[in-house]
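# Fold and geometry: a report
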Amino acid sequence: MDTQQKCQMRHRVLMVSDFFYPNFGGVENHIYYLSQCLLQRGHKVIVATHAYGKRSGVRYMTNGLKVYYIPRLPFIQQDVLPTLCGSLPILRTIFVREGITLVHGHQAFSTLCHEALLHARTMGLRVVFTDHSLYGFADLGSIHMNKVLQFTLADVHQAICVSHTSKENTVLRSGLNPEKVFVIPNAVDTAMFRPDPSMRPCGTDEIVIVVISRLVYRKGADLLVEVIPEVCRLYPQVRFIVGGDGPKRVRLEEMREKHGLQDRVDMLGAVPHAEVRSVLVRGHIFLNSSLTEAFCIAILEAASCGLLTVSTLVGGVPEVLPPDMIVLAPPVPAELSNAIGRAIELLPQVDPFSMHNRMKNLYSWMDVAKRTEVVYDQSLRSDDDDLLLRLSRYYACGPWAGKLFCLVVVINFIVWCFLEWQQPAKDLEVTPDLPPPQAFADELN
Amino acid sequence: MSEQGRIRRKGYEKGDEEEHPLYRYVSDLEEQTGFPLLHTHRIFLKRRGLDSRLKVLILVLACLALVSRLFSVVKRGESLQWMMVIAPLLYLQWDRCRVEQEAVVVMPTLGVQLETVYCSKSVKRRFVPLHRILLPVINEAVTPTTCYSYLALLLRDESRLTLTFLHVRPPLSMLVPIRAALCAAVEQPSLQTAP
């Protein structure tokens with residue numbers, strides 16, 4: 001089969017990450033929607049993640065998306081304990097059973113992702129990595145994390161970032177060749193997030209500002225504590241709805257008590273994702289106060305529901321929406337308050353339904369899947385290096401780190417050879433492929 | 001061959017068609033004047049290379065030699081005498097638990113018998129009445145080191161699965177015809193299709 005035919009063939013992809021359902025977040029959403037769209041385009045997609053409590057083993061999601069919940073419990077912040085070769089037996093079994101040709105890892109903070117990418121390269125599979133977040137350079141944790149990322153990305157075929165800012169951040173942190181990095185923004189399910197102006201207060205000039213985020217430092221909860229009282233003082237017609245939970249919730253409750261804003265600030269607590277839309281449509285303006293964001297799907301969801309967005313000017317946020325749909329300000333309380341004032345003046349010009357229609361044209365998960373397919377095809381065209389060439393790339397990672405990385409890779413290779421001797425791949429049974437859902441089959445035909 | 005009006009028809013041996021390195025599948029159908037009596041599906045554990053007993057014996061002797069070497073450095077062989085008593089007992093216990101074959105015996109209108117035959121010729125049996133079986137299912141189990149398919153019975157009013165094979169892990173190609181026979185017995189108790 002020549003290269004052209006190989007590139008157009010059906011891919012057999014394994015998505016690996018520590019972050020997947022039933023946990024909820026941007027990475028989990030991304031993996032799920034991307035997998036569904038790739039299944040619809042005729043590829044085989046499997047997801048591997050760690051066990052969540054008693055949820056262990058094989059589960060099937062919508063349209064036959066198979067998920068392996070590998071029985072390794074989280075160690076810290078939803079990540080499994082890094083064991084280097086400890087996950088090689090089970091991952092090798094999954095690669096061989098499912099006939100995987102390409103492994104797609106998600107999120108730099110996922111230890112399972114890093115291990116899976118290493119094992120996949122050892123076994124000669126194609127490897128793609130997607131980075132979803134921005135990280136720093138200066139503190140101790142970031143320095144170590146960046147070194148681990150440098151190790152993994154030294155040997156990936158292609159990488160994907162969710163914004164150009166994220167690409168710059170990833171390239172600087174890992175030393176990866178920028179030509180290997182593709183930028184594919186996230187998308188939003190516009191069918192789920194539809195505007196409903198009837199849910200807003202009518203008959204009054206009340207303006208509702210919605211905030212939905214985890215109430216943690218990174219998401220700018222401390223900024224909210226400063227901004228909300230100031231905006232309530234300057235604009236008597238404004239009311240806030242705050243959804244979400246976290247360690248900073250106590251500070252927001254204290255602020256509400258101190259300034260007597262109980263009737264103007266509603267604290268909803270944790271909002272399940274299925275109910276986020278019902279909260280968003282109650283507002284006119286969506287406020288995002290994050291201190292760092294690679295992309296920010298929450299803004300897309302708000303825009304899809306017809307809300308005008310006010311956001312901090314950080315990370316990849318300026319790349320998300322056109323200038324007439326978002327008001328940006330530096331992450332300073334006074335500037336953010338001014339931005340909210342400008343947004344209130346712009347409100348009469350905003351039509352929720354035209355905003356929703358524009359979002360439908362700008363963002364779709366099927367478009368993300370098509371672009372990701374291009375990345376997969378590109379990875380197939382990449383040269384397939386042997387162990388010595390791979391070791392030369394690892395050796396270049398640093399005077400001490402290079403040697404350590406080479407040692408890790410050699411040990412990994414030896415363990416893989418031992419597993420091949422103990423249980424050859426040809427003795428492992430291959431699972432039959434499930435037939436695609438009838439709707440997908442009709443569309444493919 | 002027939003005895004007292006019964007015809008014993010030997011089914012195919014899966015191991016002859018596709019050589020599985022670990023298991024051999026034999027399907028056995030007994031019927032009387034066209035009416036099926038018993039349908040037995042046996043999975044035999046193959047012995048390959050060195051006999052496993054010999055392997056374990058060599059392992060035990062190696063461990064004894066290592067421990068004796070260690071004790072000769074630390075103490076003067078006192079605990080070695082205990083090891084000489086315990087090791088053979090452990091070996092005998094292991095030998096008793098070695099499985100030779102596992103079988104699923106489908107008895108139309110009655111139920112399913114699950115058998116485990118050990119190398120010591122002892123047999124452990126468990127009978128599941130037909131009216132208690134909701135459905136036989138094939139599912140995949142994931143362990144920290146491997147992943148394999150298994151056949152289990154869903155029982156009415158019971159939340160736990162009843163595994164048909166406890167000690168062997170036959171491949172999917174052997175489990176599918178067994179499940180088909182179980183489904184046929186559960187859905188149509190008076191009929192049974194041969195594989």
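This is a predicted model, so every value here is computed, not measured.

On to the sheet that holds strand β15 (residues 308-312) of chain A, then. All names here are of chain A. Across the sheet, six strands lie side by side as β13-β12-β11-β14-β15-β16; this open sheet has parallel pairing. Of all the strands in the sheet, just β13 (265-269) and β16 (326-329) have a single pairing partner and so form its edges. Between one strand axis and the next, the sheet turns by 20 degrees as a mean value, whatever way the strands run. Where strand β11 (residues 207-212) lies against strand β14 (residues 285-288), two bridges are found, and the strand directions are parallel. Following the sheet pairing, V210 is matched in β14 by F286. Set on the sheet, helix α7 (residues 221-234) makes contact with β11, β12 (238-243), β13, β14 and β15; between it and β12 the angle comes to about 155 degrees.

This paragraph deals with unusual backbone geometry. The amide bond that connects A:Y21 to the next residue, A:P22, takes the cis arrangement and shows omega of 10 degrees. The backbone of A:N63 sits at a positive phi, close to 60 degrees, despite the residue not being glycine. Locating A:N63 in the fold gives a position in the loop between β3 (57-61) and β4 (65-70). The backbone of B:D157 sits at a positive phi, close to 60 degrees, despite the residue not being glycine. Residue placement: B:D157 occurs in the loop between β9 (147-155) and β10 (162-163). With relative accessibility at 83%, the residue B:D157 sits in the exposed group.

Here we come to the environment of B:Y118. Residues and elements named next belong to chain B. Along the chain, Y118 turns up in strand β6 (residues 111-118). Taking the relative accessible area as the measure of exposure, Y118 reaches 9% and is therefore buried. Along the chain, Y118 and E102 lie 16 residues apart, while their C-alpha atoms are 8.7 Å from each other. Those residues in contact with Y118 that lie beyond four places of it in its chain are R96, C97, R98, V99, E100, K124 and H167.

Parameters and conventions
Residues numbered from 1 in each chain as written. Chains lettered and ligands numbered in written order. Predicted model: local features only at pLDDT ≥ 70, side-chain atom pairs only at ≥ 80, totals over all residues. Heavy atoms only, no water. Pairing = 2+ DSSP bridges. Helix = DSSP H or I, 4+ residues; strand = E, 2+ residues; numbered from the N terminus. Axes fitted to C-alpha atoms, helices over the stretch in contact; angles between N-to-C directions. Contact = heavy atoms within 4.5 Å. Buried < 20%, exposed > 50% of the residue type's maximum accessible area, 1.4 Å probe, protein only.

These figures capture arrangement, not role.
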